[in-house]
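What follows is each chain in one-letter form.
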Amino acid sequence: MWVSFSFVQQGNLFQNAVFNETIQVVEPDEGLDGETFFLYVFLAAVGILLLVGAQQLASSFGRKRLSRPRQVVEMGTQNADIDYDWIPKETLKEMNRSPRRTPKQSPRQRRSKRSSGSGEEARD
């Protein structure tokens, strides 16, 4: 760095070097800069990911070795197990009379059946 003092005296330009030395600019050494911080965050995330993967791997091996008897899942009742006493007689007759699979009706047939009604409604 060079600092000079310039002045004009009687029409002549004079310069005088006040300071002429090399100076060193030293950056203060901070403990944690942005790059280092994000490096640590990335390494922590990779470590956590490895731990979760190891835990999943260990638990999958543990499940294969331990064979527990499977619980019986009820798939419904058999016809012999049904108590028909509480079902009204009309419903039982309708169940026995109607086929298992009802044929599909067109929307026009359903609409006409709905509008005609069964004739049991009370009318004023």
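Up top is the structure.
These remarks concern the structure in this document. (Residues numbered from 1 in each chain as written. Predicted model: local features only at pLDDT ≥ 70, side-chain atom pairs only at ≥ 80, totals over all residues. Heavy atoms only, no water.)

What to know about the packing of aromatic side chains
Selection rule: Between 30 and 60 degrees the pair is tilted, below 30 it is stacked and above 60 it is edge-to-face, where a pair is any two Phe, Tyr or Trp rings, Trp via its six-membered ring, whose centres lie within 6.5 Å. For every residue, the accessible area (1.4 Å probe, protein chains only) is compared with the maximum for its type, and the residue is labelled buried under 20%, exposed over 50%, or partly exposed between those bounds.
In this structure the tally under the stated criterion is two aromatic pairs. Consider the rings of phenylalanine 7 and phenylalanine 14, whose centres lie 5.4 Å apart with planes at 25°: the pair is stacked. On the accessibility criterion, phenylalanine 7 (31% relative accessible area) is partly exposed. Judged by relative accessible area, phenylalanine 14 falls into the partly exposed class, the value being 34%.

Observations concerning a negative patch on the surface
How we decide: The patch calculation keeps residues exceeding 30% relative accessible area without a salt bridge and links them within 9 Å when they carry like charges or within 5 Å when they are nonpolar (Val, Leu, Ile, Met, Phe, Trp, Tyr). Note on areas: Shrake-Rupley with a 1.4 Å probe; residue coverage comes only from the protein chains shown. The term salt bridge refers to a side-chain nitrogen of Lys or Arg lying within 4 Å of a carboxyl oxygen of Asp or Glu. Neither His nor the chain ends contribute to the count of charged residues, in which Lys and Arg are positive and Asp and Glu negative. A charged residue contributes its charge at one atom only: NZ of Lys, CZ of Arg, CG of Asp or CD of Glu. A run of H or I in DSSP becomes a helix once it reaches four residues, and a run of E becomes a strand once it reaches two; helices and strands are each numbered from the N terminus.
Together, Glu27, Asp29, Glu30, Asp33 and Glu35 give the surface a local cluster of negative charge. Assignment of secondary structure puts aspartate 29 in the loop between β2 (12-20) and α1 (34-65).

Purely geometric numbers; function is a separate question.
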